[in-house]
Amino acid sequence: MRRAGTLSLQRRLQSGKPGVVIDGFTGVGGNAIQFARMHCKVVAIDIDPLKIELAINNAKIYGVESRIHFVVGDFLQQASSLKADVVFLSPPWGGPSYKNVKKFTLDLLKPKDGYSIFQIIRKITRNIIMFLPHNVDLLQVKELAWLSYPPLPLELKLEINLRIYLLLMAMIQIEENYVQNNLKGITAYFGNTARASRLR
Ligand SMILES: C[S@@+](CC[C@H](N)C(=O)[O-])C[C@H]1O[C@@H](n2cnc3c(N)ncnc32)[C@H](O)[C@@H]1O
């Protein structure tokens, strides 16, 4: 199975120093392990101790456990004290019922709505990668790029609106992720993780 965005992640991270990556919702470590295999130092956080135990075991199988610092805890509570070059998030989608909605709006993400999660991680870095359902409202995802920047005064906002809009569109990239020809999810890249592929 191809992990979310792994191939293009490789290209993106190869274009600069890998640095430190936080995986805030590690689960059993699928993504954290791929980052470590790309020579990043990884901080892998999950609220569920059993998931972290399984992730440590999986990291050992891949021989990358020395590059991953595992933490049992609430990522959103710890975020304000964390530093990293990139934050990767694969937050819970609220169970299989995500498939039943035509458009998955960001308020359906867990443990908080997508806007709140993005605001919290934005304080760590602008270089953010999010794995989201295939039916996510893409307009809302693009709106998140706006949250990366401090609010502008209204007169300035009107004057340079179009220019800023075009700039922000360059600061986000969306990749579709397929598993056996089925669109499983999308990966949204913000900040330098979006720009890196253009540097090649
Ligand atoms: C969709 S899974 C992540 C899957 C992971 N990327 C993988 O490859 O296995 C979401 C994970 O977020 C964890 N989680 C939920 N709320 C959390 C929180 N506040 N802080 C940290 N982890 C949390 C859950 O325990 C779950 O393992």
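Scroll up to find the structure.
Residues numbered from 1 in each chain as written. Predicted model: local features only at pLDDT ≥ 70, side-chain atom pairs only at ≥ 80, totals over all residues.

This part is about the site of the ligand. Of all residues adjacent to the ligand, which total 17 residues, the nearest are Phe25, Gly27, Gly30, Phe75 and Ser90. Per-class residue counts for the shell around the ligand are eight nonpolar, five polar and four charged. (Near = placed C-beta within 6 Å. Nonpolar A, V, L, I, M, F, W, Y, C, P; charged D, E, K, R; others polar.)

Inspection of helix H5 (residues 114-122) places Gly114, Ile117, Phe118 and Ile121 among the buried residues, and these make up the whole buried set. Looking straight down H5, one finds its buried side chains confined to an arc of 95°; they lie on one side. Where H5 is buried, its residues contact strand E4 (86-89), strand E5 (128-133) and helix H6 (138-144). (Buried ≥ 20, exposed ≤ 12 C-beta atoms within 10 Å, placed from the backbone. Helix = DSSP H or I, 4+ residues; strand = E, 2+ residues; numbered from the N terminus. Arc of directions from axis to C-beta. Contact = placed C-beta atoms within 7 Å.)

Looking now at the pairing of strand E2 (residues 41-46). Of all six residues making up E2, five are buried, and the element is well covered by its neighbours. Relative to E2, strand E1 (residues 20-23) runs parallel, the two sharing four bridges. Paired with Val21 across the bridge in E2 is Val42. In terms of strand pairing, E2 meets strand E3 (residues 68-72) through five bridges, oriented parallel. In the strand pairing of E3, Ile45 is matched with Val71. Following the chain from E2 across helix H3 (residues 49-62) to the adjacent parallel E3, one finds a crossover that is right-handed. (Pairing = 2+ DSSP bridges. Right-handed = clockwise from strand over helix to strand, strands pointing away.)

So, about the nonpolar core. For soluble globular proteins, nonpolar side chains are generally found buried alongside one another. If you look at the biggest cluster of nonpolar residues, it comprises 44 residues, and the most contacted ones within it are Ala36 and Val42. The greatest single-element share of this core, amounting to five residues, is contributed by E5. The residues contacting Val42, other than those within four sequence positions of it, are Val21, Asp23, Ala32, Phe35, Ala36, Arg67 and Ile68. (Core = buried A, V, L, I, M, F, W, Y, C linked by C-beta atoms within 7 Å.)

In this section: the environment of Ser90. On the secondary structure map, Ser90 appears in the loop between E4 and H5. By the C-beta count within 10 Å, which is 21 here, Ser90 ends up buried. Remark: the alpha-carbon pair of Ser90 and Ile129, spanning 39 residues in sequence, is separated by 8.6 Å.

Turning our eyes to something else, we now look at the sheet that holds E3. Overall, mixed pairing links the seven strands, which are arranged E3-E2-E1-E4-E5-E7-E6 in an open sheet. The open sheet has two edge strands, E3 and strand E6 (172-179), and neither has a second partner. Mean inter-strand twist for the sheet, computed between neighbouring axes without regard to direction, equals 20°. Across the face of the sheet, H3 comes into contact with E2 and E3 while running at roughly 165° to E3. (Axes fitted to C-alpha atoms, helices over the stretch in contact; angles between N-to-C directions.)

By themselves, these observations are geometric and do not establish any function.
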